[in-house]
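Fold and contact review
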Amino acid sequence: MCGIAGIYQFNNNLVSAHVLEQMTTRLAHRGPDDFGYVLFDQQRQAHPWKLETAPNVSATVGLGNRRLKIIDLSPAGHQPMANLDQSVWITFNGEIYNYRELRAELISKGYAFNSHSDTEVILNAYREWGTQCFNRLNGMWALAIYDARDGTLVLARDRWGVKPLFVHRTPDLLIFGSEIKTLLDHLDVPRQPNYRTIYNYVARHYRLVDGGRNTFFDGIENLLPAHYWKITPDGRINDDCYWSLDPNRQDSYASDEQVLENFRSLFEDAVRLRLRSDVPVACMLSGGLDSSSVTCVAAKIAGVPVTTFTARYAEREFDEGEYVQATVKHIGADGRFIYPQAGNLLDTLETMLSFHDEPVCTVTWFAHWMVMREVAGQGFPVLLNGHAGDELFAGYWDHYWYNFADLEQSDPTRFRYEYARWLANHERNPEEYSRLKTRLAALERGEVIEANQFSYYPDIVTADFGAQYQSEPSRVDLFGNRGHLSSRLYKEIAYETVPATLRPEDRNSMAFSIETRSPFLDYRLAEFAFALPNHFKIRNGLGKWIIRESMKGVLPETVRTRMDKQGFNAPTVHWFRAASGTAVREILASQTLAQRGILDQAQVLRCFDEHVAGQANHYMGIWQWVNLELWMRMMFDSKPATF
């Protein structure tokens, strides 16, 4: 795991070694263990350096790296790294979990290795298969490969965009880095807000912010997940997608046991690969089905007690200690507990923003930050988590409604059965059927159903701002013809909840030099999940049926059969009513917020006062409005930005 940075100059312009050093140094928290740089002159000769003075060369390409040592802790893993004949160079952030298998295959083809790192495996894989090598990688990555044979630069990102890669491009240069702050260190990168992204964040919902090219900065874009760019010396860019889920793949199974065995095999292998590390690995454990499954399978594979980290709260409605303790006892884990408090929320938020570079999507990530801060000093640079189980196997509340919509059309008898079981399992009122019918009719008209409307605040922005910047994100629904549930799950994993989780997960963990890994995001497991019929996901009125059935004997029964859902949550609804409320109101009532012309301050203060009085629950909106104002102050107030 590392931080990467680089510059590619066109039209005979030259790279500043000092700027490259400065950009890379800004990523020291992502890679505290090692660092290095390389420049390429106009004849494409490499000039690497580390501690010595930067070489005085006329360079058109520069690569930088900050390294967090996870695989091969020796100096042989130093980056930027070249292959043995120094024709291809790489700066790489991430982990390739199947590197051992790929290494063996490449050795059989005659390749030699100087290290035991996954980085060198990518280099030789690129030599053997070119850009087709990305299809063979199982992992998370953002990387740059410079091919000195023809002067091309390849930028690539993993299938889900777990690892970030930001780019600024003009006709004269291309600049990239793991974090936005690295790009802003370059004088040619403008510091200007992206007001369309800001509109979606404050007026609509954080789910509509991530998953695309846009960032909160105009002129700085994300390299899309599962894409690579091939840049030629004259500045031409070829943008290709190397992987996507296949909506035409629909698997059938002769029996439940067959599909359960397939899931168990894939899931256990996904966990096994993500346990590969030359440093200690622990697990993030909530009381839910997904993280508990990852933790229990990891313990089974490791054959020794695992260490777990859990956020606990005094407020019983947010605390999952009962279920966590059951799992810890079941596998004999070393369970460690962290108790996030809201006392210094605003000071912590300002620190978070300095690492995130963009507004933080939800206040839940404040609690997550506090957990990462505590984990950092306990000797576990790698953590496994349970992200994406809900999006793959239908674990959210509104997934039931989409499944009902599919069943009512395709199998009315099954629909009535599932609806009755859902009512019984969740102690719902049978009179909700009329409400259900209204929702299903809305779905058929292509409308957004109530359970999925989130917390929209279209009136929170000024009329002028809304008129100028309201827009719909551009999104392609590959599963639009596969039914309501498959379409919803695809949107969540491609554009909504998963991207909105991966961005803050990366910034929070890497702020403390911690690598997090998500077994459910193994692409093989995702391909399997999206080819499954719905009844393997929701059955007998319960979501994630396939996980529940597969984990019999692996999980404690109280966790496996649990029907409510908590997720990684925090008592955020109370925090803005506590001692921090006065300071929060001062920010929302500030003159700077009013002068920006983005938020309607009267509406903002009305919502805040309603929340504090307990008349309404606006914690999500309050968090986003405070985030926006503090971020604008931090990033632009030395050079005021108004739309």
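Summary of the structure given here. (Residues numbered from 1 in each chain as written. Predicted model: local features only at pLDDT ≥ 70, side-chain atom pairs only at ≥ 80, totals over all residues. Heavy atoms only, no water.)

Notes on the overall build of the protein chain
Secondary structure summary: the protein chain contains 25 helices and 18 strands in total. The C-alpha radius of gyration of the protein chain comes to 25 Å, within 12% of the 26 Å expected for a compact globule of 643 residues. Taken over 643 residues, the protein chain has a buried fraction of 61%. Long-range contacts, defined as pairs at least 24 residues apart, comprise 74% of the intrachain contacts of the protein chain with a sequence gap of at least 6. (Helix = DSSP H or I, 4+ residues; strand = E, 2+ residues; numbered from the N terminus. Rg over C-alpha atoms; globule rule 2.2 N^0.38 Å. Buried < 20%, exposed > 50% of the residue type's maximum accessible area, 1.4 Å probe, protein only. Contact = heavy atoms within 4.5 Å.)

A look at the nonpolar core
Ranked by size, the top nonpolar core spans 95 residues in total, and within it Phe134, Phe393 and Ile546 carry the most contacts. Setting aside residues no more than four positions away along its own chain, Phe134 makes contact with Trp141, Leu143, Val154, Ala156, Arg159, Tyr228 and Tyr242. Counting residues in each nonpolar core, the second largest holds 89 residues, with Leu27, Ile175, Val363 and Val371 among its members. (Core = buried A, V, L, I, M, F, W, Y, C linked by side-chain atoms within 4.5 Å.)

A closer look at the sheet that holds strand 18 (residues 515-517)
Taken in spatial order, the five strands of this open sheet run 16-15-14-17-18, and their pairing is parallel. This sheet does not close on itself; its edge strands, each paired only once, are strand 16 (334-338) and strand 18. Across the sheet, the mean angle from the axis of one strand to that of its neighbour is 30°, orientation sign disregarded. Pairing analysis gives two bridges linking strand 14 (residues 281-284) to strand 15 (residues 307-311), with the strands arranged parallel. Paired with Met284 across the strands is Phe309, a residue of strand 15. (Pairing = 2+ DSSP bridges. Axes fitted to C-alpha atoms, helices over the stretch in contact; angles between N-to-C directions.)

A look at helix 16 (residues 484-494)
Burial runs high along helix 16: nine of the eleven residues are buried. Within the sequence span of helix 16, burial applies to His484, Leu485, Ser486, Ser487, Arg488, Leu489, Tyr490, Glu492 and Ile493.

Overview of the packing of helix 12 (residues 399-410) against helix 16
Between helix 12 and helix 16, whose axes approach to 7 Å, the crossing angle comes to 150°. Comparing the axis directions of helix 12 and helix 16 gives the class roughly antiparallel. Residue-level contacts link His399, Tyr402, Asn403, Ala405, Asp406 and Gln409 of helix 12 to His484, Leu485, Arg488, Leu489 and Glu492 of helix 16. Its residues placed into classes, the contact of helix 12 with helix 16 shows four nonpolar, four polar and three charged. (Parallel < 35°, antiparallel > 145°, perpendicular 65-115°, else oblique. Nonpolar A, V, L, I, M, F, W, Y, C, P; charged D, E, K, R; others polar.)

Looking at the sheet that holds strand 7 (residues 139-147)
On the basis of which strands lie adjacent, the open sheet formed by six strands has the order 5-6-7-8-12-13 and antiparallel pairing. Among the strands making up the open sheet, the edge pair consists of strand 5 (81-82) and strand 13 (237-241). Looking at chain direction, strand 12 (residues 227-231) and strand 13 are connected through five bridges and run antiparallel. Of the residues in strand 13, the one forming a bridge with Lys230 is Asn238. Packed onto the sheet, helix 3 (residues 118-129) meets strand 5, strand 6 (88-96), strand 7, strand 8 (152-157) and strand 12 and runs at close to 125° relative to strand 6.

A look at the pattern of salt bridges
Two side chains that carry opposite charge are able to pair once their charged atoms sit near each other. Scanning all chains against the criterion turns up 47 salt bridges. Across the salt bridge formed by Arg274 and Asp522, the nearest N and O atoms sit 3.1 Å from each other. Separated by 248 residues along the polypeptide, Arg274 in helix 6 (residues 256-274) and Asp522 in the loop between strand 18 and helix 18 (523-530) bring together distant segments of the chain. Comparing Arg274 with Asp522 shows no difference in burial state: the two are buried. For Asp506, the salt bridge identified is with Arg507, shortest N-O distance 3.0 Å. Each member of the salt-bridge network shares a partner with another, and the members are Arg30, Lys163, Glu179, Lys181, Asp357, Asp506 and Arg507. (Salt bridge = Lys/Arg side-chain N within 4 Å of Asp/Glu carboxyl O.)

Some points on the state of the cysteines
Evaluation of the coordinates by the stated rule reveals zero disulfides. Its sulfur unpaired, Cys133 is 15 Å from the next cysteine sulfur, which belongs to Cys241. When its relative accessible area of 0% is taken as the criterion, Cys133 is described as buried. (Disulfide = S-S within 2.5 Å.)

Some points on the environment of Glu95
Among the secondary structure elements, Glu95 is positioned in strand 6. With 182 residues separating them in the primary sequence, Glu95 and Ser277 have C-alpha atoms 9.6 Å apart. Dropping the residues within four chain positions of it, Glu95 is found in contact with Met1, Ile70, Ile71, Asp118, Asn138, Gly139, Met140, Glu515 and Arg517.

Considering the packing of aromatic side chains
Considering all chains together, one arrives at 43 aromatic pairs under this definition. Centre to centre, the rings of Phe404 and Trp422 are 5.8 Å apart; their planes meet at 80°, and the pair counts as edge-to-face. One end of the pair, Phe404, is in helix 12; the other, Trp422, is in helix 13 (residues 412-426), and 18 residues separate them in sequence. Look at Phe404 and you get buried, because its relative accessible area is 1%. Relative to Trp625, the ring of Tyr457 lies with its centre 5.1 Å away and its plane at 80°, an arrangement referred to as edge-to-face. Residue Tyr457 is found in the loop between helix 14 (432-444) and helix 15 (463-469), and its partner Trp625 is found in helix 25 (residues 619-636); the two are separated by 168 residues along the sequence. Assessed through its relative accessible area of 0%, Trp625 is described here as buried. (Phe/Tyr/Trp six-rings, centres within 6.5 Å; stacked < 30°, edge-to-face > 60°.)

A few points about the pairing of strand 14
Looking at chain direction, strand 14 and strand 17 (residues 382-384) are connected through three bridges and run parallel. From the neighbouring strand, Ala282 faces strand 17, where its bridge partner is Leu383. The β-α-β motif built from strand 14, the intervening helix 7 (residues 289-302) and the parallel element strand 15 has right-handed crossover chirality. (Right-handed = clockwise from strand over helix to strand, strands pointing away.)

As for the packing of helix 2 (residues 99-108) against helix 3
Orientation of helix 2 relative to helix 3, taken along the N-to-C sense of each, is 45°, at an axis distance of 10 Å. With respect to their mutual orientation, helix 2 and helix 3 come out oblique. The handedness of the crossing between helix 2 and helix 3 is left-handed. Across from Tyr99, Leu102, Arg103, Glu105 and Leu106 in helix 2, the residues of helix 3 making contact are Asp118, Val121, Asn124, Ala125, Glu128 and Trp129. Looking at side-chain class alone, the contact of helix 2 with helix 3 contains six nonpolar, one polar and four charged residues. (Left-handed = near helix turned anticlockwise from the far one by under 90°.)

Brief notes about unusual backbone geometry
Here the amide bond leading from Gln79 into Pro80 is cis, since omega sits at -5°, within 30 degrees of zero. Within the secondary structure, Pro80 sits in the loop between strand 4 (59-67) and strand 5. Positive phi is not limited to glycine here, since Ser513 has a value of about 60°. According to the relative accessible area criterion, Ser513 is buried, its value standing at 18%. Of note, Asn540 is a non-glycine position whose phi angle comes to about 55°, a positive value. With respect to the helices and strands, Asn540 occurs in the loop between helix 18 and helix 19 (545-550).

Here we look at the environment of Gly379
Turning to its location among the elements, Gly379 is positioned in the loop between helix 10 (364-375) and strand 17. Distance in space between the C-alpha atoms of Gly379 and Arg507 is 19 Å, their sequence separation being 128 residues.

Structural notes on the side chain of Asn385
By secondary structure assignment, the location of Asn385 is in the loop between strand 17 and helix 11 (389-393). There is a polar contact of 3.2 Å between the side chain of Asn385 and the backbone nitrogen of His387. Of note is the side chain of Asn385, whose polar atom sits 2.8 Å from the side chain of Ser518. Apart from residues no more than four positions distant in its own chain, Asn385 is found in contact with Met284, Val294, Glu505, Thr516, Arg517, Ser518 and Pro519. (Polar contact = N/O pair within 3.5 Å; in protein donor to acceptor, adjacent residues only side chain to side chain.)

None of the figures reported here should be taken as evidence of function without further support.
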